[in-house]
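Letter by letter, the chains look like this.
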Amino acid sequence: MATISGEVVSMNQLDSMIHAVGSVVVIRHNRKTIATAEVAENNEFSAEIDDDIRGEVEVSLGLHSSAPSLIVADGTDFHITVFHNNSNNFLA
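Everything in this summary refers to the structure shown in the same document.

For the chain, the helix and strand inventory stands at zero helices and seven strands. Starting at the N terminus and ending at the C terminus, the chain contains elements arranged as β-β-β-β-β-β-β. Within the chain, buried positions represent 37% of all 92 residues. Taking the intrachain contacts of the chain between residues at least 6 apart in sequence as the baseline, contacts between residues at least 24 apart amount to 56%.

The sheet built from four strands is open, its strands ordered E3-E2-E5-E6 with antiparallel pairing. Each edge of the sheet is formed by a strand with only one pairing partner; in this case those strands are strand E3 (32-38) and strand E6 (69-73). For this sheet the average axis-to-axis angle between neighbouring strands, irrespective of direction, equals 25°. The pairing of strand E2 (residues 24-29) with E3 spans six bridges and is classified as antiparallel. Bridged to Val25 within E3 is Ala37.

Before going further, it helps to spend a moment on the pairing of strand E5 (residues 55-61). Examined bridge by bridge, E2 and E5 share five bridges and lie antiparallel to one another. By the bridge assignment, Ile27 is partnered in E5 with Val59. Of the pairings in the sheet, the one linking E5 to E6 comprises five bridges and is antiparallel in character. In the sheet register, Glu58 faces E6, and the bridge partner there is Leu70.

The next subject is the nonpolar core. Val25, Ile27, Phe45, Ile49, Val59 and Leu61 are the most contacted members of the largest nonpolar core, which has 21 residues in total. Counting residues per element, the ones that place at least two in this core are strand E1 (2-10), E2, E3, strand E4 (44-49), E5, E6 and strand E7 (78-84). Not counting chain neighbours up to four residues away, the residues in contact with Ile27 comprise Ile4, Lys32, Thr33, Ile34, Ala35, Ala47, Ile49, Val57, Glu58 and Val59.

Cut-offs used in this document
- Residues numbered from 1 in each chain as written.
- Predicted model: local features only at pLDDT ≥ 70, side-chain atom pairs only at ≥ 80, totals over all residues.
- Heavy atoms only, no water.
- Helix = DSSP H or I, 4+ residues; strand = E, 2+ residues; numbered from the N terminus.
- Buried < 20%, exposed > 50% of the residue type's maximum accessible area, 1.4 Å probe, protein only.
- Contact = heavy atoms within 4.5 Å.
- Pairing = 2+ DSSP bridges.
- Axes fitted to C-alpha atoms, helices over the stretch in contact; angles between N-to-C directions.
- Core = buried A, V, L, I, M, F, W, Y, C linked by side-chain atoms within 4.5 Å.

Geometric descriptors of this kind do not, in isolation, establish any biological role.
This is the structure we're talking about:
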């Protein structure tokens, strides 16, 4: 199993009520959900995917103010950074 781990980074600190802790991270390949994870108290997440998954994989944070991150899976482990904008203005 390959591990996709990462951290969630807020682009600003305008609204301390909107944060990623407890949010779901969805990992998709060919439009199918292949794994999910939950953002921990330290703003990190981790999920395992099958080693045979190859190609573009989308990692999305379950907040409307975040942009998906794309990686190219090749059977190895990845550590990525997912950005989100907590000012509620859709500029992730």
